[in-house]
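Take a look at the letters that make up each chain.
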Amino acid sequence: MDIVKILIDAGRAAIGVPAAAYALSSIGLNLQFGYTGLLNFGHVAFMLVGAYGMAITVDLGGSIWLGVPVGILAAVILGLILGFPTLRLRADYLAIVTIAAGEILRLAVRSSWAAPLTKGIFGIQRFADEFFDLNPIPVGLYGIGRFRFDERTVWVLLLGWSLVALATVFLWKLTRSPWGRAMRAIREDEDAALSLGKNVFGYKLQSLMIGGAIGALAGMFLAIDQQNVNPDAYIPLLTFYAFTIVILGGPGTLFGPIVGSVIFWFLFEFLDGVMTALIVEMDIGFLDALDATDVGPIRFALFGAGLMWLMIYRPQGLFGSKEEMLIDAR
Amino acid sequence: MLDKHPTLANVAPEPGVGKPNPILEADGLKRFFGGLHAVDLEHLEVERGTITSLIGPNGAGKTTLFNLLTGFDRPDAGEWHLNGGPLVGIPSFRIARSGMVRTFQLTRSLARLTVMENMMVATKDHVGESFWGALFGRWRHIEAANEKIALASLERFGLDHMKDEYAGSLSGGQRKLLEMARALMVAPDVIMLDEPMAGVNPALTQSLLHHITNLRDDGKTVIFIEHDMDVVQEISDWVVVMAQGKLIAEGPPEHIASNATVIDAYLGRHHGEVP
Amino acid sequence: MASQRVRTVLAITLLLVVASPLAALAEGETLRGELEKIDGDERTPVAGVTIEAELDGSPVGSAESNADGEWEIPIPGAGTYLVRLVVDTLPEGVALTDPTKFELPNVNVREGQNKTVRFNLGPGLVSGVGTWTRVSSLFVVGLKFGAIIALASIGLSLIFGVTGLVNFAHGDLVTLGAVIAFWFNAAGGGPAWHILIAAVPAVLLVAAFGGAQEHWLWRPLRNRGTGLVPMIVVSIGLSFVIRYLILVVFSGLPRPYRDYAIQNDIQILGITTVPKNLAIIGFTAVVLLAVGLFLIHTRLGTAMRAVADNSDLAESSGIDVQRVIRVTWIVGAGLAGLGGVMFGISEQVQWDMGFKLLLLIFAAVVLGGLGTAFGAMLGGFIVGVAVEMSTLWIAVEFKTAVALGILIAMLLIRPQGLLGVKERIG
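Residues numbered from 1 in each chain as written. Chains lettered and ligands numbered in written order. Predicted model: local features only at pLDDT ≥ 70, side-chain atom pairs only at ≥ 80, totals over all residues. Heavy atoms only, no water.

> Even after reading the chapter, I still don't get the overall build of chain A, so can you show me in this structure?
In terms of helices and strands, chain A carries 15 helices and four strands. With the C-alpha coordinates of chain A rotated into their principal frame, the extents come out at 60 × 50 × 40 Å. A total of 330 residues make up chain A; the buried ones form 64% of that total. Restricting to contacts in chain A with at least 6 residues of sequence separation, those with at least 24 account for 76%. Taken together, the 22 basic and 26 acidic charged side chains of chain A have centroids lying 9 Å from each other. (Helix = DSSP H or I, 4+ residues; strand = E, 2+ residues; numbered from the N terminus. Buried < 20%, exposed > 50% of the residue type's maximum accessible area, 1.4 Å probe, protein only. Contact = heavy atoms within 4.5 Å. Lys, Arg positive; Asp, Glu negative; His and termini not counted. Charge placed at Lys NZ, Arg CZ, Asp CG, Glu CD.)

> Sorry if this is basic, but what is going on with the interface of chain C and chain A here?
Note on interface size: it is often stated as the accessible area lost on association of the parts. Between chain C and chain A, the residue contacts involve 54 residues of the former and 63 residues of the latter. Between chain C and chain A, a total of about 5,200 Å² is buried, with carbon and sulfur atoms accounting for 77% of that surface. Taken together, chain C and chain A are joined by one salt bridge. C:Asp68 serves as the salt-bridge partner of A:Arg110, at 3.9 Å between the closest nitrogen and oxygen. Linking chain C to chain A there are two residue pairs in polar contact (both at pLDDT 80 or more). (Buried area = accessible area lost by both parts, 1.4 Å probe. Salt bridge = Lys/Arg side-chain N within 4 Å of Asp/Glu carboxyl O. Polar contact = N/O pair within 3.5 Å; in protein donor to acceptor, adjacent residues only side chain to side chain.)

> I tried to follow a nonpolar patch on the surface on my own but got confused; where do I start?
Residues and elements named next belong to chain A. On the surface, Phe 255, Val 259, Trp 309, Tyr 313, Leu 318 and Phe 319 cluster together into a nonpolar patch covering about 640 Å² of accessible area. Relative to the assigned elements, Trp 309 resides in helix α14 (residues 295-313). With a relative accessible area of 43%, Trp 309 lands in the partly exposed category. (Patch = residues over 30% accessible without salt bridge, like charges linked within 9 Å, V, L, I, M, F, W, Y side chains within 5 Å. Areas by Shrake-Rupley, 256 points an atom, 1.4 Å probe, with all protein chains shown as cover.)

> Explain the domain arrangement of chain B here, please?
Residue and element names in this part refer to chain B. Examined at the domain level, chain B breaks down into domain 1 (16-109 + 187-273) and domain 2 (110-169). Taking only C-alpha atoms into account, the centre of domain 1 sits 28 Å from that of domain 2. Contacts between domain 1 and domain 2 engage seven residues on the former and seven residues on the latter. Carbon and sulfur atoms supply 48% of the area buried between domain 1 and domain 2, which totals about 630 Å² over both sides. Looking at the side of domain 1 facing domain 2, the largest losses of area belong to Arg 97, Ser 109 and His 211, adding up to 69% of the total buried there. Counting every contact that joins domain 1 to domain 2 gives one salt bridge. The partner of Arg 156 in a salt bridge is Asp 218, with the nearest N and O atoms 2.9 Å apart. For the side of domain 1 that touches domain 2, the per-class residue count stands at one nonpolar, three polar and three charged. (Domains from an automatic or database assignment. Nonpolar A, V, L, I, M, F, W, Y, C, P; charged D, E, K, R; others polar.)

> Quick question: what am I supposed to make of the sheet that holds strand β8 (residues 190-194) of chain B here?
Note: strands within a sheet are paired through backbone hydrogen bonds, in either parallel or antiparallel orientation. Residue and element names in this part refer to chain B. Sheet architecture is open: six strands sit in the order β7-β8-β9-β4-β10-β11, paired in mixed fashion. This sheet does not close on itself; its edge strands, each paired only once, are β7 (100-102) and β11 (246-251). Strand-to-strand, the axes of this sheet are offset by a mean angle of 20 degrees, without reference to chain direction. (Pairing = 2+ DSSP bridges. Axes fitted to C-alpha atoms, helices over the stretch in contact; angles between N-to-C directions.)

> Looking at this structure, I do not really get the nonpolar core. What am I missing?
Note on soluble globular proteins: their nonpolar side chains tend to be buried together. Judged by nonpolar contacts, the single largest core of 252 residues is most densely connected at A:Phe41, A:Tyr241, C:Phe168, C:Leu357 and C:Val383. At 15 residues, helix α11 (residues 200-226) of chain A tops the list of elements feeding residues into this core. The next biggest cluster of nonpolar side chains, apart from the first, holds 30 residues, and it includes B:Ala26, B:Met192, B:Ile225 and B:Val240. (Core = buried A, V, L, I, M, F, W, Y, C linked by side-chain atoms within 4.5 Å.)

> Which parts of the structure should I look at to understand the pattern of salt bridges?
Two side chains that carry opposite charge are able to pair once their charged atoms sit near each other. Enumeration over the complete set of coordinates arrives at 34 salt bridges over all chains. Connected through salt bridges with shared partners, the residues A:Glu103, A:Arg106, A:Arg110, A:Asp232 and C:Asp68 form a single ionic network.

> What am I meant to see in the packing of helix α2 (residues 131-163) of chain C against helix α9 (residues 321-346) of chain C here?
Any two packed helices are characterised by the angle at which their axes cross and by the distance between the axes. Residues and elements named next belong to chain C. Where α2 contacts α9, the axes come no closer than 8 Å and their chain directions differ by 160 degrees. By the angle class used here, α2 and α9 are roughly antiparallel. Crossing of α2 against α9: the hand is left-handed. Residues Lys 144, Phe 145, Ile 148, Leu 151, Ala 152, Ile 154, Gly 155, Leu 158, Ile 159, Val 162 and Thr 163 of α2 form the contact with α9, whose own contacting residues are Val 324, Ile 325, Thr 328, Trp 329, Gly 332, Leu 335, Ala 336, Leu 338, Gly 339, Met 342, Phe 343 and Ser 346. Residues belonging to the contact of α2 with α9 are distributed by class as follows: 16 nonpolar, six polar and one charged. (Parallel < 35°, antiparallel > 145°, perpendicular 65-115°, else oblique. Left-handed = near helix turned anticlockwise from the far one by under 90°.)

> I'm lost on the packing of aromatic side chains in this one. Help?
For any pair of aromatic rings, geometry is given as the distance between the ring centres together with the angle between the planes. All names here are of chain A. Taken as a whole, this structure holds 41 aromatic pairs over all chains when the rule is applied. Relative to Phe 132, the ring of Phe 131 has its centre 5.1 Å away and its plane inclined at 70 degrees; by these criteria the two rings are edge-to-face. Across the pair, Phe 132 and Phe 131 agree in class, each one buried. Ring geometry for Phe 240 against Phe 243: centres 5.8 Å apart, planes inclined by 25 degrees, an arrangement best described as stacked. Remark: Phe 243 and Phe 240 occur in helix α12 (residues 237-249); sequence separation between them is three residues, near one turn of the helix. Here Phe 240 and Phe 243 have matching classes, each one buried. (Phe/Tyr/Trp six-rings, centres within 6.5 Å; stacked < 30°, edge-to-face > 60°.)

> Even after reading the chapter, I still don't get the sheet that holds strand β10 (residues 114-116) of chain C, so can you show me in this structure?
All names here are of chain C. A sheet is described by the order of its strands in space; here three strands give the open sequence β6-β1-β10, paired in mixed fashion. Of all strands in the sheet, those with a lone pairing partner are β6 (70-74) and β10, marking the two edges. Taken over all neighbouring pairs, the strand axes of this sheet differ in orientation by 20 degrees on average, direction set aside. Here strand β1 (residues 30-34) runs beside β6; their pairing, made up of five bridges, is antiparallel. By the bridge assignment for β6, Glu 34 is matched with Glu 70.

> How should the pairing of strand β5 (residues 77-82) of chain B be read in this particular structure?
Put simply, side chains in a regular strand alternate between the two faces of the sheet. Residues and elements named next belong to chain B. In terms of strand pairing, strand β1 (residues 22-33) meets β5 through five bridges, oriented antiparallel. By the bridge assignment, Asp 27 is partnered in β5 with Glu 79. For β5 and strand β6 (residues 85-86), the ladder comprises two bridges, and the chain directions are antiparallel. Residue Leu 82 lies in a different strand from β6, and its bridge partner there is Gly 85. The antiparallel hairpin formed by β5 and β6 contains two residues in its connecting segment, where Asn 83 sits at a positive phi of about 50 degrees.

Shown next, in the form of structure tokens:
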């Protein structure tokens, strides 16, 4: 097992495209879950409508710069549709409806009925040429040793982490304001917030729509990097990557999603490398029954266990304050 | 002993009696849970600027009545008015903004907000509380002004030294005080307290009573649910008695204390339950 | 590149998921094909069409084309088969380009071959007899599906009732039941019992798993005072653990039980369906009746409903709430496991079958009223029938969307559900 190579690959993943994309996506989810207490189990649906909104716009002859607001608008409308029937009810109803909507949307864009627009199971490709044409970075490799990225990746990463920075500033403005304080009050106790004259339903709807729009941006960013949207990429698992990241970094903290995403993708890639090495290269008796295709599922099972562990023992994140944690154990 | 409120001196102690200057009026309020009549009220008026206690045995419908009046529950029939304005179908947060604020039987401090944030979040008509206002509005001077008011109020309730602590780290009694102080930040005309003395030690009870009479002296109308007859006797201007959802008596405290119906409904029930 | 590797692994997993319906039974000989309506340049897959196969005049199996128009019939071995497209099942506006070619009498299959069989379809008028046959057989399929949903829903609803937890890992208990039964019935090293016998240990083991979960996970969490939201997140984490461990052990290939996998349509009272559908409906009806009687007439059942109704009140009237919760978990999980076995008999066993069913379970439970067992039963049947019957008017691939539609409509109109009480949505 080449531990150095595994560590370097993990390090690349920690600042790579998925890390940037999920930092952005998790910033949206953090507004919903961390600041407002909403259980949006269909965050992937917002990523999907963002990506498809943009891809379809380009496919129909529009510019990608028109596609971006279209994708955001689609996410805002989705937030309205999902939030309206559920946000007056207990927290679990939103979870039920959003997780269902995520799956239904995936099936819908996959269907032959929507195929004229979405191209069904084949998806839409090469809609981001306009973005890559703008790349000012000369052809070449940038970095040291194995830790190198080509000019295309650097350009994409530049976009990704800039979006993360912008979204963080946006959230900083919002959450440090009286608006953000009202959101946190709702997270703590809806009835108390109502008794103080806060329009709880309106705030929750806003949180769902704004967080969803940020999720849509993340979906667009991932799609731009891959130059591809395909329905089968938008599985429910993606929502829970974001959940794990938010909880890792500390829900309701400004930099939590960024820190969480970097740690998450480092661990994800590291585990992948180590497990592949153990199962494929090494001759360990009880692992003989497994082969390389089992690495993915085992990692997802570990990921589920990690989410459980975090939620039970570290609900305030890896670096959450003890004091806050004690209060939370109500 | 405190002076009884002068305007109520000539009001007859009968259930549903009219008052000279009511701030709150309710008519035909009904709420059923299955077959149970949780609240079934013919008529009730609450006099402006007084302390009105709401008493009655367990399950009499006192908290349900609070929930109905503040929009936390919907009545099956009936209407009610605050300052002459109808409140039927108005959501609870608007009722709070229109001047009637409640507290809860189990305190609801916003645990992971600081004491000061608990106070500040209660201010109303704040431009910084809207999405666009938060991003582009000028709200810092409003915050500064509100902070002064909040600090003065915290001083009055003896919580100013805790202002930067998480509300979740306060003691039970301190949370009761904070909840009352916070409700006042909404600048209500009517403040409704659901068992403010429950689970509070005797020393703090005196201080709470003092705060409640102060509220009235500031011109607020106070309605509160209480079990302890001594407390009720001490500070109420008027007492309203409920049993099985109905209004069975109302009047000045000394009248209620000697009222046979009340003793039957209230004490009789309790005596029956003692093994 | 690192991120590419990540994606590769993701892609492999996804491929397993997506390709699995096609990969079914790749080991043995099959007849397969893809139904497409060709109208000029436009090609659209045709779903929901029944294809039958016969060997020497006796039927060997049938299949229905899926959302992509694909169908597949496992067959016993090499030989010359007759393959027939059941014209009645063609949707409106689709017909054979040559109406006489609905039967292909000489389809030769070699050893180990997956033989592709082609039917040419084009635009056409309403296909003949159809309507009653189609409506009645869809109704029966809907009842069967509803029965499975009802079995799985009772546990979710009752567990919510007694503990307040919406268990997002409940669907995976369904899968677990189906997979355990598969081991006892058809796995390589297993005892190869008949599926009806294999169902017994499957149900018992899932029930025990439910009890163990309650004892070692949920009860300690409740005792710590963990809130509703963290509990729900824990349950979704648990669902990933169970689901992906099943994927490792069972693999991504869907497989049928050894018994009842292939059946031919029969006609009863003018209804055309496969016998196992009727058997599942009948058997489930008996089980649901037993559950109903248990809830109404036994002390434990009454206690369960009392706790679901108001746990504080129940406790103060001397009911051992902890015990009731434990029993609810055991019974609820066992019923979910049984639902899994039925689902496996009805379709095939697949690693994520329960998760896919979860949406329908939610719809059933919300429709009937969260926390009520009878609501879950009623909701299950309504959702099952509605989802299947909807294919009369809308594309098959949208049938689960019907469940979401029911769910959202119910939340808007009557969030407490058909049999629920208003206070509990609080």
